[in-house]
Amino acid sequence: MDGLPLNFDEPEHVRLLRASVARFVEAEMPRAKAREWDRGNIYPREVMAKLAEMGLMGLTVEERYGGAGIDIYSTMAVIEELARRSVAVACPYIMAVCYAGMNLGESASEAQKRELLPKVAAGRLLFAYGLSEPNVGGDLASVETVARREGEEVIINGAKRWCTGAHIADYIFCLVRSGPKEARYKNLSIILVPPTLPGITITPLGHLGIRGVETKDVAFDEVRVPAANILGGEEMWDRGWEQLAGRALEVEKLELSACALGLAEAAVADAWSYAEERVQFGRPIAGHQAIRHTLAEARTRVRAMRLMLYSAAWLADQGRPCSVETSMAKLFCCEAAAEVTQMCQRVTGAYGLSDEMDMERYVRDAVSLPIVGGSSNMQKNNIANRLKLGA
């Protein structure tokens, strides 16, 4: 963290962008709609189209491909503002801007960039991550989905689990074992797989929170994909691990941290208002010390989350090494969101359990964040390893 500037004022362009997104949220994402998307597991396609009209899909795309230029800090600000109201919008936005935009920008061939990045910037391209499998979670080097070459095609067999948004994606960002099983880390490739191809079966996989973009199981049975869909071109066959371990991985940790921050902020704001309005024993419960202490602690944690997230985002924007800082942000922000939302739920009492309020949704969404996208224990391992503990 040496050299990190100590001016914590948000850049003016980010402040203006944040205000614009906040106005959009109030106009296009009312609370009633957010509840409807959650209850029905509905993907709000029309909202995504309006985000594209605002130019917000181009924040991870270079200008020469039709984007606004790569601005990771601003991207996190957009995700945070969207998540304050609904992860049903924040998550598809991530599928476009981060899963597609970041990975293509970092790892695609020039031909793939020219074809696909303008579609990202225009809001016409979503990626779903096909990384985890029934027998493979954090140990991605052990994937069992296999691919072989036949002429100008790649043939894929296997299964992916927790493939969120596979049914709405244009491509599944599919990690496959393309070489001998024992050639660990040197036998992986990433294939961009259209989910509508013959041989693909997509089935729902129920889960507690983060609804609106359903999680899916995806099975591949002799699925034929053009070799042109190997991420980075044919020269990247068996070199997929290099593509996984780049800046896009750091951004994945940040995007979930931004979701965590947005959820925690929303929970604190609702609990704060409730405490000032709810009268018990002749006065607002905000006057009771237990409530005051809970909300003061929650506000403090949210402040710390913000500093952790945006200091790491600044480093990623600068192209500086930030694996430790992004893991710290993912660890701290996601754990804190799970804790803060539950603290705020207790402030609202039984009302916080009702689906007529948003609090129970914040809790459901937040408790999954320490698990998904690299669990808290994985982040702890990464921090200790990177800092050479015991080396």
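The structure presented is a predicted model; accordingly, all values stated were derived computationally and were not measured. (Residues numbered from 1 in each chain as written. Predicted model: local features only at pLDDT ≥ 70, side-chain atom pairs only at ≥ 80, totals over all residues. Heavy atoms only, no water.)

### Description of the packing of helix α10 (residues 323–347) against helix α12 (residues 376–386)
Here is step 1 of the chain: Running from N to C, α10 and α12 cross one another at 150°; their axes reach a closest spacing of 9 Å. By the criterion of interaxial angle, the relationship of α10 to α12 is roughly antiparallel. Note that α10 runs across α12; the crossing there is left-handed. Two secondary-structure elements touch here, α10 through Ser323, Val324, Ser327, Met328, Lys330, Leu331 and Glu335 and α12 through Ser376, Gln379, Lys380, Asn382, Ile383 and Arg386.
Here is step 2 of the chain: Residues that form the contact of α10 with α12 fall into these classes: four nonpolar, five polar and four charged. (Axes fitted to C-alpha atoms, helices over the stretch in contact; angles between N-to-C directions. Helix = DSSP H or I, 4+ residues; strand = E, 2+ residues; numbered from the N terminus. Parallel < 35°, antiparallel > 145°, perpendicular 65-115°, else oblique. Left-handed = near helix turned anticlockwise from the far one by under 90°. Contact = heavy atoms within 4.5 Å. Nonpolar A, V, L, I, M, F, W, Y, C, P; charged D, E, K, R; others polar.)

### Details of the packing of aromatic side chains
Here is step 1 of the chain: According to the stated counting rule, one finds seven aromatic pairs in the structure shown.
Here is step 2 of the chain: Ring centres 4.8 Å apart and planes at 35° place the aromatic pair Tyr73 and Tyr310 in the tilted group. Highlighted residues: Tyr73 in helix α4 (residues 72–83) and Tyr310 in helix α9 (residues 289–317), separated in sequence by 237 residues.
Here is step 3 of the chain: Note on Tyr185 and Trp241: the rings are 4.7 Å apart at their centroids and 70° apart in plane angle, and the pair reads as edge-to-face. Of this pair, Tyr185 sits in the loop between β4 (171–177) and β5 (188–193) while Trp241 sits in helix α7 (residues 240–244), and the two are 56 residues apart along the sequence.
Here is step 4 of the chain: Note on Tyr185: relative accessible area 38%, which makes it partly exposed.
Here is step 5 of the chain: Classification of Trp241 by relative accessible area gives partly exposed; the value is 29%.
Here is step 6 of the chain: In textbook terms, an aromatic cluster arises when at least three aromatic residues are bridged by ring pairs, as seen for Tyr99, Phe127, Tyr129, Tyr171 and Phe173.
Here is step 7 of the chain: The ring of Trp237 is capped by Arg149, whose NZ or CZ atom sits 5.6 Å from the centre of that ring. (Phe/Tyr/Trp six-rings, centres within 6.5 Å; stacked < 30°, edge-to-face > 60°. Buried < 20%, exposed > 50% of the residue type's maximum accessible area, 1.4 Å probe, protein only. Lys NZ or Arg CZ within 6 Å of the ring centre and 35° of its normal.)

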